[in-house]
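Fold and geometry: a report
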Amino acid sequence: MALEPDQAPVNSITLFVALLCSCIVIGHLLEKNRWFNESITALAIGLCTGIIILLTTEGKSSRILVFDEELFFIYLLPPIIFNAGFQVKKKQFFRNFGAIIMLGAVGTLISFVIISIGSMQLFKKLDIGFLEVGDYLALGAIFSATDSVCTLQVLNQDETPLLYSIVFGEGVVNDATSIVLFNAIQKFDLSHITSSIFMQFIGNFLYLFITSTLLGVAVGLVSAYIMKKLYIGRHSTDREVALMILMAYLSYMMAELFNLSSILTVFFCGIVMSHYTWHNVTESSRITTKHAFATLSFISEIFIFLYVGMDALDIEKWKVVSKSPGTSAGVSSILLGLVLVGRAASVFPLSFVSNLIKRSQSDKFTLKQQVTIWWAGLMRGSVSVALAYNQFTRSGHTQLRGNAIMITSTITVVLFSTVVFGLMTKPLIRLLLPSKHLSNTTSSDPFPSKSRTDLPLIANGQTADPEMEGDNIPRPTSLRMLLTIPAHTVHYYWRKFDDSVMRPLFGGRGFGPYAPGSPTEPLLQ
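Notes on the structure follow.

Cut-off values and rules
- Residues numbered from 1 in each chain as written.
- Predicted model: local features only at pLDDT ≥ 70, side-chain atom pairs only at ≥ 80, totals over all residues.
- Heavy atoms only, no water.
- Helix = DSSP H or I, 4+ residues; strand = E, 2+ residues; numbered from the N terminus.
- Phe/Tyr/Trp six-rings, centres within 6.5 Å; stacked < 30°, edge-to-face > 60°.
- Buried < 20%, exposed > 50% of the residue type's maximum accessible area, 1.4 Å probe, protein only.
- Lys NZ or Arg CZ within 6 Å of the ring centre and 35° of its normal.
- Contact = heavy atoms within 4.5 Å.
- Axes fitted to C-alpha atoms, helices over the stretch in contact; angles between N-to-C directions.
- Parallel < 35°, antiparallel > 145°, perpendicular 65-115°, else oblique.
- Left-handed = near helix turned anticlockwise from the far one by under 90°.
- Nonpolar A, V, L, I, M, F, W, Y, C, P; charged D, E, K, R; others polar.
- 1 Å grid on protein atoms, 1.4 Å probe; cavity = no way out; pocket = protein on both sides within 12 Å on 5 of 7 lines; lining within 4 Å.
- Points joined across faces, edges and corners; volume = space filled by probe spheres on them.

**Regarding unusual backbone geometry**
- The backbone of Tyr-231 shows a phi angle near 40°, a positive value even though the residue is not glycine.
- Positionally, Tyr-231 belongs in the loop between α9 (195-230) and α10 (237-257).

Here you go:
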């Protein structure tokens, strides 16, 4: 029976939603063994669905939706990145901020250079069609974006808080850096690189990084100020929840409007909103927003991997590539090898430098921890796929041979790394970090309970713990102390500034408005 023209998209969306539901159910059933996560499950279901569609359409198509870059960057990516910032453990994140920035930003740049130069040199030996310098640089940005979901699902945040915060924070900063690099590449004509163009490129990269971060912080602070002054929840918690969600999305769209890095903006907006805004709403709104953001992020991730699984069998791309399957396999192998080398060249040297800087032996990365961090960054996911489609397709279609090879190779690397490396993650980490050994070596807080960063928590101008008043807490008072333990000292002065200036103005834990049902109500009783 022939379908009406308006009925075809409805049927496609209905089937896709049904597949999303099946991914959740099957993922739940496979949760206990923890070998399969939702990403692998969605990929497998997508592949099976693609095969069925191929058979029913007699080899004409394998997908029910055409990939749209705007769909990914405007609707699917914002919930994922915002939730990453909103759920981040801020204390661990900022205590290890130096190591996270070093691995996430500097490490990504190292990987970007190795993959770009390596592909530029090695692809010349293969007949893949014409690729410009910008395409090779784009490949470096595409395959520098990691996906550490599998590793994070195996690591225990309570047993290994230091390692977990490094892997999680480095993954988010890595994605942001990769996308900023990708956006900077697209803004310049890099066919003839000169010193002036290179300096402009570096300047544009730093400009995007700094302004995007400031915009996210500004929107987060505005939302906190509005919630604190108006306290909308005393009349309607629905308005509170709606305003938080819309303000979060507004930060992303404002970055797009000003041609900034929206992923970096929405990430830092999430951090600021969780630190200030979230404590200014009622208890019911806090619970609702926390689960709403996590749910939207979860659905978006499953949607992306499900589509990648179906698109892996897209006949249009494979017809172009089928004339030279050896070339496609060679490109995929080279890219996978460059990913392994680039990751190793960034993690191990930077970890060595980080260990030289750190004074406490417990804060230094052991070889096993370095291998875990290296392994966590080997998998490639949704960001790599989206950037590859953005660079090498037009409206989801690919006709040029070189572009088709790049898309199929990207999908091959994503599938291989997610499935093969993902399945090996649990036994490898259990081998490197046995459960009995975790709590003794890596579960300790990177700063002891009596360290200089232990400060009294302030609640409405009063110390939260009377026993911590007085001079029992050593306070950094000299320039020498700032230079010898900068992380401790900066954290101390930030807490002091936060409690005396930021929280009284923008709210937060202990400074939220009082009303029945308010999260601050127990503190005031």
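Text resumes after the structure shown.
**Observations regarding the packing of aromatic side chains**
- Applying the stated criterion across every chain yields a total of 15 aromatic pairs.
- Centroid distance Tyr-225 to Phe-506: 6.3 Å. Interplanar angle 70°. Geometry classified as edge-to-face. Here Tyr-225 is found in helix α9, whereas its partner Phe-506 is found in helix α20 (residues 486-506), with 281 residues between them in sequence.
- Ring centres of Phe-348 and Trp-374 lie 6.4 Å apart, and the angle between their planes is 35°; on these two criteria the pair is classed as tilted. In this pair, Phe-348 is assigned in helix α14 (residues 325-357) and Trp-374 in helix α15 (residues 367-376), connecting sequence segments 26 residues apart.
- For Trp-374, a relative accessible area of 18% puts it in the buried group.
- In this arrangement the basic side chain of Arg-286 is found over the ring face of Trp-278, its NZ or CZ atom lying 4.2 Å from the centre.

**Observations concerning the environment of Ala-141**
- Turning to its location among the elements, Ala-141 is positioned in helix α6 (residues 133-142).
- Spatially, the C-alpha atoms of Ala-141 and Val-180 are 8.8 Å apart, while their sequence positions differ by 39 residues.
- The residues contacting Ala-141, other than those within four sequence positions of it, are Phe-112, Ser-178, Leu-181, Phe-182, Ile-185 and Leu-387.

**Overview of the environment of Trp-318**
- Here Trp-318 lies in helix α13 (residues 315-321).
- Residues Trp-318 and Arg-401 lie 83 residues apart in sequence; the distance between their C-alpha atoms is 10.0 Å.

**Comments concerning the packing of α6 against helix α16 (residues 382-392)**
- Where α6 contacts α16, the axes come no closer than 9 Å and their chain directions differ by 165°. Judged on the interaxial angle alone, α16 and α6 are roughly antiparallel. Seen from above, α6 lies across α16 with right-handed handedness. Here α6 contributes Gly-134, Asp-135, Ala-138, Leu-139, Ala-141 and Ile-142 to the contact with α16, which in turn contributes Ser-384, Leu-387, Ala-388, Gln-391 and Phe-392.
- The class makeup of the residues in the contact of α6 with α16 is seven nonpolar, three polar and one charged.

**Let's talk about the packing of helix α2 (residues 38-56) against helix α17 (residues 401-432)**
- Where α2 meets α17, the closest approach of the two axes is 10 Å, and the angle between their N-to-C directions is 130°. Considering their axes alone, α2 and α17 lie oblique with respect to each other. For the element pair α2 and α17, the recorded crossing hand is left-handed. When α2 is examined against α17, the residues Ser-39, Ile-40 and Leu-43 are found in contact with a partner set consisting of Leu-415, Thr-418, Val-419, Gly-422 and Leu-423.
- Grouping the constituent residues of the contact of α2 with α17 by class yields five nonpolar, three polar and no charged.

**Here we look at empty space enclosed by the protein**
- One pass over the full model with this rule turns up two cavities of 30 Å³ or more.
- In this structure, the largest cavity is lined by Leu-103, Gly-107, Thr-108, Ser-111, Ser-144, Thr-146, Glu-170, Asn-174, Arg-343, Ser-346 and Arg-380.
- Residue assignment for the lining of the largest cavity shows that the elements contributing at least two residues are α5 (97-122), α8 (161-186) and α14.
- It is α5 that provides the largest number of residues to the lining of the largest cavity, a total of four residues.
- Per-class residue counts for the lining of the largest cavity are one nonpolar, seven polar and three charged.

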